[in-house]
Amino acid sequence: MRTEILSTGMYVPSRVVTNDDLAQMMETSDEWIVQRTGIHERRWVEVPGTGASELGVQAARAALERAEMKPEDLDAIIFATLSPDHFFPGSGVLVAAKLGLKETPALDVRNQCSGFLYSLQVADGWIRAGIYRRVMIIGAEVHSAGLDKTTRGRDVACIFGDGAAAVIVGPTEDDSRGIRSIKLGADGRHAGDLWIEGLGSAFPVIADEEQLKQLKQWPAMEGSKVFKFAIVRMPAITRAVLEAEGVKVEELKLLIPHQANQRISDAVQRSLGLRDDQVFNNIAKYGNTTAASIPLALHEALEQGRLARGDWLAFAAFGSGFTWGAALVRW
Ligand code: COA
């Protein structure tokens, strides 16, 4: 038995924030952002205080509708995010409650840009072990609530956007199809290269002006280090999942890389020797939506008819942790 992707759905807030809009808030320009990241615009929630679960539940409803399923048909929910609604509980239980579910298990995954692939491997394990038959994976982020929107935070603020996407996975008896290989990695020695240091148990609750001045409540990123590691790890682990199934790079119909930065996707494409038509990117419209980015791109690729039954599809991710991963799917 293997696991197949049965349905997808997405939701992005209607508020479009262009690079010119950002230039009103900080010293930056459309030219700088487009050249360094390929991003033209991103979405931010219309109403501050809208949590990731609110975006997630809209994507979940869209995926359920497309599958002609009811929330009660789900055996489990996995919610991947780095921007949960609250410190605890996780946002998965909030989505379950919003769907009207009172008993369905809900797991939160905190693996940032690799969160979708970590979730996919957990769901694949559950399904292949016969524990559950219908698992909803949701990736959702509200970055706009946690960005330093001043010149000080411009390196991070120009990259990240809000959005959500969901997939429903279930078993298939057709051994040639579905998820064929998933590989994951992590190197916590680089935790401090992309993180929010404050607001955790290892950092005192921000209680006074002095602590606020330390700025540890904002995301901090060693951008060039992230870049250098990403363009090595993503192609390497993509090759590993291809090799595990004896699939050649030329046979790949589509690679959906985590939408970190267009320059990272381009470097991964070059390193693997893929043609333009073999790689799907939508970062120009949404920025980096972290855990939502791969399922969001998958949803749009499907809408555009980029995949047909039997096609080889790969996902690759890299992000905070550092964590990374790749998956090979036969559609
Ligand atoms: N607008 C204008 N200038 C900016 C800016 C912005 N939005 N962000 C940073 N800068 C400035 C820096 O302050 C720096 O100025 P200085 O030379 O006066 O100090 C200058 O641009 C160059 O900064 P640097 O960090 O060396 O630029 P870069 O070419 O490495 O590009 C990133 C910065 C963040 C775009 C790039 O490192 C990157 O894309 N890294 C990967 C990040 C990523 O994908 N993260 C998500 C991973 S999941």
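Relevant structure appears above.
All of the points below concern the structure found in this document. (Residues numbered from 1 in each chain as written. Predicted model: local features only at pLDDT ≥ 70, side-chain atom pairs only at ≥ 80, totals over all residues. Heavy atoms only, no water.)

### Remarks on the site of the ligand
- Taken together, 23 residues form the shell around the ligand, and within it Thr28, Arg36, Cys113, Gly223 and Asn261 come nearest.
- Note that an oxygen atom of the ligand is positioned 3.1 Å from one of the side-chain N or O atoms of arginine 154.
- Sorting the residues of the shell around the ligand by element identifies helix 2 (30–37), helix 6 (154–157), helix 8 (223–244) and strand 12 (312–319) as the ones contributing at least two each.
- At four residues, helix 8 tops the list of elements feeding residues into the shell around the ligand.
- Summarising the domain contributions, the shell around the ligand has at least three residues from each of domain 1 (2–172) and domain 2 (178–330). (Near = heavy atom within 4 Å. Polar contact = N/O pair within 3.5 Å; in protein donor to acceptor, adjacent residues only side chain to side chain. Helix = DSSP H or I, 4+ residues; strand = E, 2+ residues; numbered from the N terminus. Domains from an automatic or database assignment.)

### Regarding the pattern of salt bridges
- Counted according to the given criterion, the structure contains 14 salt bridges.
- For arginine 2, the salt bridge goes to aspartate 175, with nearest N and O atoms at 3.1 Å. Of this pair, arginine 2 sits in strand 1 (residues 2–11) while aspartate 175 sits in the loop between strand 7 (163–172) and strand 8 (178–186); the two residues are 173 residues apart in sequence, bridging distant segments of the chain.
- Aspartate 175 gets classed as partly exposed once you look at its relative accessible area, which sits at 47%.
- Residue aspartate 124 is joined to arginine 128 by a salt bridge in which the shortest nitrogen-to-oxygen separation is 3.9 Å. Placement of the pair is aspartate 124 and arginine 128 together in helix 5 (residues 115–128), with a separation of four residues, close to one helical turn. (Salt bridge = Lys/Arg side-chain N within 4 Å of Asp/Glu carboxyl O. Buried < 20%, exposed > 50% of the residue type's maximum accessible area, 1.4 Å probe, protein only.)

### A few points about the layout of surface pockets
- In this structure, the largest pocket spans a volume of roughly 910 Å³.
- Contributing to the lining of the largest pocket are 29 residues, with Leu82, Ser83, Pro84, Arg110 and Ile196 lying nearest its centre.
- Counted by class, the lining of the largest pocket contains 16 nonpolar, ten polar and three charged residues.
- Residues from two domains meet in the lining of the largest pocket; each of domain 1 (2–172) and domain 2 (178–330) gives at least three.
- Roughly 370 Å³ of volume is contained in the second largest pocket.
- In this structure, the second largest pocket is lined by 23 residues; those nearest its centre are Ile159, Met221, Gly223, Phe227 and Asn261.
- Secondary-structure elements contributing two or more residues to the lining of the second largest pocket are helix 2, helix 8, helix 9 (262–272) and strand 12.
- When residues of the lining of the second largest pocket are assigned to their parent elements, the largest contribution, five residues, is made by helix 8. (1 Å grid on protein atoms, 1.4 Å probe; cavity = no way out; pocket = protein on both sides within 12 Å on 5 of 7 lines; lining within 4 Å. Points joined across faces, edges and corners; volume = space filled by probe spheres on them. Nonpolar A, V, L, I, M, F, W, Y, C, P; charged D, E, K, R; others polar.)

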